Amino acid sequence: MIEVEHLSKVYNGRRAVDDISFRVEKGEILGFLGPNGAGKTTTMRILTCYMPATEGTARVAGYDVFEESLEVRKRIGYMPESPPLYHEMTVYSYLDFVAKIKGTPSSKRKSHIDEVMQKTSIGDVRNRVIGRLSKGYKQRVGVAQALLNNPEVLVLDEPTIGLDPKQIFEVRSLIKSLAGSHTVILSTHILPEVSMTCSRVVIINKGKVVAMDTPEGLANQMKGAERVALLVDGPAPAVHEKLSSIDGVLGVSAEEGKNGQPSRFTVECKLNTDLRRTLAAAVVSQGWGLLELRGVSVSLEDVFINLITKE
Amino acid sequence: MRNILAIWQREMKSYFVSPIAYAVLTVFLFLCGFFFYSILSAVIQSTMMQAQFGQGSQPVDVPGIVGRSFFGTTSVVLLFMIPMLTMGLFAEEKKRGTMELLLTTPVGIVQTMLGKYLASLTFLLIMYAGSGITIAALLIYGNAEWRPILGGYLGLLLYGAALLALGLFISTLTENQIISVVITFGTILVLWLIESFSSGATGVARDVLNYLSVIGHLDDFIKGVVDTSHIIYYLTFAFVGLFLTYRSLESMRWKS
Ligand SMILES: Nc1ncnc2c1ncn2[C@@H]1O[C@H](COP(=O)(O)OP(=O)(O)OP(=O)(O)O)[C@@H](O)[C@H]1O
Ligand SMILES: [Mg+2]
């Protein structure tokens, strides 16, 4: 549905997007993840025909974003980074305007707008002036605007920023419910958002794609070791030495408790070994108190930090 | 067509909730009324003086003189008002990020431009209609000839259409309304003052300068003479303005 090939964008000699390629299949939700300034917004602006690429091509629903921009624009719903709102209009008249310029037939417009307002829970502010809405409501009007005219492809630039937790949850469920019938590409900095809503993730950093996989796949791929966290009541140096001497342990990091408080240890073990029993036995056999012991799974967060900090 | 209408409607609504548009309308109508009144009293006073001293052998066409001076003054007032009608048309869209909406929906650049242009023209017509109330008094009570008055309004309409197109273009160049209004005003002022430079020039240069002057072409209209060359001048002016607007919007999409 979306095919991006060797796309680059140069702003005044600086490469904001550098030779990125990826595909999004029909009905898929793709998460676009990256730190500030990674080039997420730039890529989305190219996909939505707002600006041209310097090099490379992008096709949406089979149409080239540069050559057949009108066909692309007919099929895309775009929620820019800052919601494109006319502050003096009421919510309803704004949505009515957007529906008109998107070409929704007048006979269906009213019911369609009602449906979209219900999906984004903004029905209660339908006659309020947009400029006086709270940030979260403005954001939701921005999402509603993108959904108008049922576009095949949705491009959402940080759709949940500025929302309260309940709304974040609702917007995420909304996006999830679009899977299958719509193709969605959304950008975010929030990692749980990706694991919750997206079927696939593209991580970009400094304009380059650094990883592309399912959220679980990424976590597994990054997993170089099994980790076990322990909380032990005992002399930290001795515990450290004991744990390090166990067979299969690659490394131990300690966080010594103050004033005789228990210390925390993180033990790195060889991949595909479960040393939890051995570790527990070792601690107990020395007469130290084992207060906590758990396996630590590698989170997407670790993957992310790892990817974007390694040069 | 439907898109043009949608853009036009939105723009009209935003004019009518905008304090700027109301201020422009109020000040314009006030100035029109004020100048009309002062011109009228000045003309009446001078005709009475003439009559007293017995020089008024031929009858003085009071409504005609009043009409001419009125249109002359109005055209100057418009010089200040028109930049304010166009300053925000694209500048505000760029500033609020709504340009991103317009450029990524199926609505075309030409349609957006025409919708906005027609909205500003409509607002100008509303201003003219308001000022027409005073002028109507001349027709009703003053037995004025209607030809110069109609000609005057036709001239003002073309003149306004030309300046609005220029303002629309300048509005695409910046995202700051103030910069937009200042540049528009400066440009119009130059086009207006060009006439006074022409007195120093000779030959072809003089003719060219005279031809370029935006206000010079209005004189014949106010006298009731509708000359196609003036109509062509204003229409060309408006067309060039719209063409530049189009190119500027196009480059916004394809260069950035
Ligand atoms: N209009 C522009 N002119 C010049 N440089 C720009 C422009 N827009 C973006 N950039 C630069 O391009 C790079 C990528 O920006 P972009 O907005 O795409 O990042 P992003 O991934 O969306 O970041 P964020 O998470 O902060 O939204 C940045 O270094 C930014 O400074
Ligand atoms: Mg961004």
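Residues numbered from 1 in each chain as written. Chains lettered and ligands numbered in written order. Predicted model: local features only at pLDDT ≥ 70, side-chain atom pairs only at ≥ 80, totals over all residues. Heavy atoms only, no water.

Further remarks concern the coordination of the magnesium ion (ligand 2). Residues and elements named next belong to chain A. Bound to the magnesium ion (ligand 2) are the protein donor atoms Thr41 (OG1) and Glu81 (OE), situated 1.9 to 2.2 Å from the metal. In this pair, Thr41 sits in helix H1 (residues 40-47) while Glu81 sits in the loop between strand S6 (76-79) and helix H3 (91-102), placing the two residues 40 residues apart along the sequence. For Thr41, a relative accessible area of 13% corresponds to the buried category. Overall, Glu81 belongs to the partly exposed group, its relative accessible area being 40%. (Donors = N, O, S within 2.8 Å, 3.2 Å for Na, K, Ca; no water. Helix = DSSP H or I, 4+ residues; strand = E, 2+ residues; numbered from the N terminus. Buried < 20%, exposed > 50% of the residue type's maximum accessible area, 1.4 Å probe, protein only.)

Before going further, it helps to spend a moment on the interface of chain A and chain B. At the junction of the two partners, chain A supplies 32 residues and chain B supplies 27 residues. Linking chain A with chain B are three salt bridges. Counting across the interface, chain A meets chain B through eight residue pairs in polar contact (both at pLDDT 80 or more). For the side of chain A that touches chain B, the secondary structure elements donating two or more residues are helix H2 (69-75), S6 and H3 of chain A. Considering only residue class, the side of chain A that touches chain B consists of 19 nonpolar, six polar and seven charged. (Contact = heavy atoms within 4.5 Å. Salt bridge = Lys/Arg side-chain N within 4 Å of Asp/Glu carboxyl O. Polar contact = N/O pair within 3.5 Å; in protein donor to acceptor, adjacent residues only side chain to side chain. Nonpolar A, V, L, I, M, F, W, Y, C, P; charged D, E, K, R; others polar.)

All names here are of chain A. Tallied over the entire structure, the rule returns 27 salt bridges over all chains. For the salt bridge of Lys74 with Glu71, the shortest nitrogen-to-oxygen distance reads 3.6 Å. Of the two residues, Lys74 and Glu71 are both situated in helix H2; the distance of three residues between them amounts to about one turn of the helix. With relative accessibility at 42%, the residue Lys74 sits in the partly exposed group.

Residues and elements named next belong to chain A. Reading across from one edge, S2-S1-S4-S5 is the order of the four strands in this open sheet, with antiparallel pairing throughout. A strand with exactly one partner marks an edge of an open sheet, and here the two such strands are strand S2 (14-24) and strand S5 (63-64). Sheet analysis places strand S1 (residues 2-11) next to S2, joined by seven bridges and oriented antiparallel. Bridged to Ile2 within S2 is Val24. Running over the sheet, H1 touches S1, S2 and strand S4 (55-60) and is turned about 120° from S1. (Pairing = 2+ DSSP bridges. Axes fitted to C-alpha atoms, helices over the stretch in contact; angles between N-to-C directions.)

Below, the discussion takes up the domain arrangement of chain A. Domain annotation of chain A identifies domain 1 (2-220) and domain 2 (222-298). Here domain 1 of chain A and domain 2 of chain A have C-alpha centroids that lie 45 Å from each other. (Domains from an automatic or database assignment.)

It is worth spelling out the site of ligand 1 at this point. Residues and elements named next belong to chain A. The environment of ligand 1 is made up of 14 residues, and the closest members are Lys40, Thr41, Thr42, Glu81 and His189. A distance of 3.1 Å separates an oxygen atom of ligand 1 from a polar side-chain atom of Arg14. For ligand 1, the accessible surface in isolation is 630 Å², of which the surrounding protein chains cover 68%. When contributions to the shell around ligand 1 are tallied by element, the ones reaching two or more residues are S2 and H1. (Near = heavy atom within 4 Å. Areas by Shrake-Rupley, 256 points an atom, 1.4 Å probe, with all protein chains shown as cover.)

Here we come to the environment of Asn150 of chain A. All names here are of chain A. Here Asn150 lies in the loop between helix H5 (135-147) and strand S7 (153-157). Taking relative accessible area as the criterion, Asn150 reaches 44% and is therefore assigned partly exposed. It is 9.3 Å that separates the C-alpha atoms of Asn150 and Val116, two residues lying 34 residues apart in sequence. With residues near it in sequence (within four places) discarded, Asn150 still touches His112 and His182.

Note that Asp219 of chain B resides in helix H10 (residues 218-222). By relative accessible area, which is 39% here, Asp219 of chain B ends up partly exposed.

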